[in-house]
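Chain by chain, the residues:
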Amino acid sequence: MASTNTSPEILEQVAAIASRWKGRPDMLIPVLHEVQAVAHNSIPKDVAKVVSYEMGIPIAQIYSVQTFYSFFSKEKRGKVLIRLCKTAPCHVKGTKEVLEAFESALGIKAGQTTSDGAFTLETCECIGACDVSPAVLIDDTVYGNLTPEKVDELILTISQMEVDES
Amino acid sequence: MEELRVVLSKAGDISPIKSSEYVSVGGYEGLRKAVEAPEKVIEFIKASGLRGRGGAGFPTGLKLSFTANTPADQKYIVCNADEGEPGTNKDRVIMEEIPHRIFEGMAIAAVAVGADQGYIYLRAEYPHLKKILEEALADAREHSFIGPNIVNSGFNFDIQLFIGAGAYVCGEETALLDSLEGKRGEPRFKPPFPGVAGLWGKPTLVNNVETLANLPAIILNGPEWFRQIGTEKCPGTKVFTLSGNILNPGVYEYPIGVTIRELFEDVGGCCPNGKKLYAVQTGGASGNIIPPSLLDTPMDIERCSENGATFGAGDLMFIDEDRCLLDVLENLIEFFEHESCGKCTPCRTGNPQLLALIRKFKNGTAKQSDLELMLELGNVMVGGCLCGLGQAAPNPILSAVRFFPEVFKVNNNYERGAS
């Protein structure tokens, strides 16, 4: 796992979340979702260790589970998660060109995070938006019928929403 | 053929959250009838001929009877809302527009098999649905459609929402159960089947969203009514997902037996920009790819398989003449390679090998022996993989070789390092 230095404040929040489910290994996945949301969209080793201690689950088991599911990440990710669907129904409608537009607009490749920590760009499996393909899931919202031309505008809109929130 | 809404009846016309609005269109009447004569529910479902709508088409009544006939102190109902098949989003629409019908179906099943706890396993890729389902569940609980003493019947049945974390294989019912238990979602060896030993080893009924949403109307209107819709061996309607290069992609409910041509031409509106249709992938990413000459195939489980198509979860992805089929196949196998859980060898190592072979065809370096190897490997996977993921992964390739042989050009003179 990536070596990391998560802040003590975040580790305290993680402990508070995980300690509610001591002795409930079945709650590991909901806990990892919750923990990830407070820890830079990631579950690095120091965070996993706290979850392990608080829930009484071996760290190897946590590693095994977190690396199985694509929505969990060991690496620190950006504030905004951009998940572009790369499966066939989007593929036949031009995902490749849309991905290139995202990469050039953000200056990163799929799987990377912008240097200011604002955006992470990922490709993902079907997001069930085949009626508006090609489609992207940005945090909890689906944006569909994408074209390379629409990507710049979309990123501007998302950036503006972030500014408004903070 | 005309659109006929059973599962999606009144969907979109009423609030998805408020049970009072669902009740105003006849909602929860099926449950009221079921609690009056719980012993008749399974009889009704068996007589209706309803088959699972998640892709396997297993008779629902029979599945219910396995769980019902296994004595246990605790039983569970699990709604499989891990709709991960690329090219399928019909369960998403049902959950967005009429979630109470799913809860009602789950409660009917619970009464029939004697379960008091239900789970909805929702895929992580549908984050917006968490709020809708949680609010609708709270409303159903407040009005005693779920919770203690549902509809004043003396039955208890509650439903809990569980959010997955991004794994296609969790749509396989035993992998889903492992995931619900907090583990990696790897398929279990069967038997025992979940109906006998499922969640935490207890008898568990796992059904697809659409299957469960069919139960209220069957109980309310009776099996004879249901059998008038659809075909003899596949009664009822199907919520189809149309995607790819068509004018009107989306989700449409039609009686089973509607032809692919009707769905393509009348509903989907053909390919945009006057392009010609080249191929159709039927039944989702793991389904067969067929040529336009088979467009008159009725969407019915038996007729699809007779003709070389796949019914699956009722998905049709249309591919126009501008696409490269090898490119699409590469994309599909990349998907299965990524989503293979790694538990069984034929799937774990078979998919990367299939991918390498497809790429040989794509870059023009495949020989006749590669074609033979690809077919042999595909057949080994169909017969040897532990679960449906690996068993079905070669389908697109095997069907493409059958129907589009011209795509698989071999170059027997190619030598490694040459050309």
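Residues numbered from 1 in each chain as written. Chains lettered and ligands numbered in written order. Predicted model: local features only at pLDDT ≥ 70, side-chain atom pairs only at ≥ 80, totals over all residues. Heavy atoms only, no water.

Further remarks concern the interface of chain A and chain B. Contact residues are listed per partner, giving 32 residues for chain A and 47 residues for chain B. Buried area between chain A and chain B, summed over both chains or domains, comes out near 3,000 Å², and the portion from carbon and sulfur atoms is 60%. Counting the surface chain A buries against chain B, the share from its top three residues, A:Phe68, A:Tyr69 and A:Val92, is 21%. Put simply, chain A and chain B have 1 salt bridge between them. Counting every contact that joins chain A to chain B gives 20 residue pairs in polar contact (both at pLDDT 80 or more). Elements supplying a minimum of two residues to the side of chain A that touches chain B: α2 (28-38), α4 (59-66) and α5 (88-91) of chain A. A total of 4 residues in the side of chain A that touches chain B trace back to one element, the largest contributor, which is α2(A). Taken together, the residues of the side of chain A that touches chain B sort by class into 17 nonpolar, 8 polar and 7 charged. (Contact = heavy atoms within 4.5 Å. Buried area = accessible area lost by both parts, 1.4 Å probe. Salt bridge = Lys/Arg side-chain N within 4 Å of Asp/Glu carboxyl O. Polar contact = N/O pair within 3.5 Å; in protein donor to acceptor, adjacent residues only side chain to side chain. Helix = DSSP H or I, 4+ residues; strand = E, 2+ residues; numbered from the N terminus. Nonpolar A, V, L, I, M, F, W, Y, C, P; charged D, E, K, R; others polar.)

Enumeration over the complete set of coordinates arrives at 36 salt bridges over all chains. The salt bridge involving B:Arg92 is made with A:Asp131; its shortest N-O contact spans 3.2 Å. One end of the pair, B:Arg92, is in helix α5 (residues 90-97); the other, A:Asp131, is in the loop between β2 (119-124) and β3 (136-138), on a second chain. Accessibility expressed as a relative area gives 11% for B:Arg92, which makes it buried. B:Lys362 is the salt-bridge partner of B:Glu330, the closest N and O atoms lying 2.5 Å from each other. Highlighted residues: B:Glu330 in helix α13 (residues 325-339) and B:Lys362 in helix α14 (residues 345-362), separated in sequence by 32 residues. Residue B:Glu330 is classed as buried on the basis of its relative accessible area of 11%. Each of B:Asp327, B:Glu330, B:Glu334, B:Arg359 and B:Lys362 takes part in a single network of salt bridges with overlapping partners. (Buried < 20%, exposed > 50% of the residue type's maximum accessible area, 1.4 Å probe, protein only.)

So, on to the domain arrangement of chain A. Taken as a whole, chain A is organised into domain 1 (8-66) and domain 2 (80-165). Computed over C-alpha atoms, the centres of domain 1 of chain A and domain 2 of chain A are 28 Å apart. (Domains from an automatic or database assignment.)

Time to look at the domain arrangement of chain B. Residue and element names in this part refer to chain B. Split by domain assignment, chain B resolves into domain 1 (19-227), domain 2 (237-320) and domain 3 (325-407). Centre-to-centre, using C-alpha coordinates, domain 1 lies 27 Å away from domain 2. Contact residues are listed per partner, giving 15 residues for domain 1 and 16 residues for domain 2. Roughly 1,200 Å² of surface becomes buried between domain 1 and domain 2 when both sides are summed, with 52% attributable to carbon and sulfur atoms. Where domain 1 packs against domain 2, one counts 2 salt bridges. Residues Glu 302 and Arg 51 are paired through a salt bridge, measuring 3.2 Å at the closest nitrogen-oxygen approach. For the interface between domain 1 and domain 2, the tally reads 9 residue pairs in polar contact (both at pLDDT 80 or more). Among the elements that line the side of domain 1 that touches domain 2, the one with the most residues is α5, at 3 residues.

Glancing now at the sheet that holds β2(A). All names here are of chain A. Here 4 strands make up an open sheet; going across it, the order is β2-β1-β3-β4 and the pairing mixed. The open sheet is flanked by β2 and β4 (141-143), the only strands paired with a single partner. Mean inter-strand twist for the sheet, computed between neighbouring axes without regard to direction, equals 25 degrees. Here strand β1 (residues 80-85) runs beside β3; their pairing, made up of 3 bridges, is antiparallel. Paired with Leu 84 across the bridge in β3 is Val 136. (Pairing = 2+ DSSP bridges. Axes fitted to C-alpha atoms, helices over the stretch in contact; angles between N-to-C directions.)

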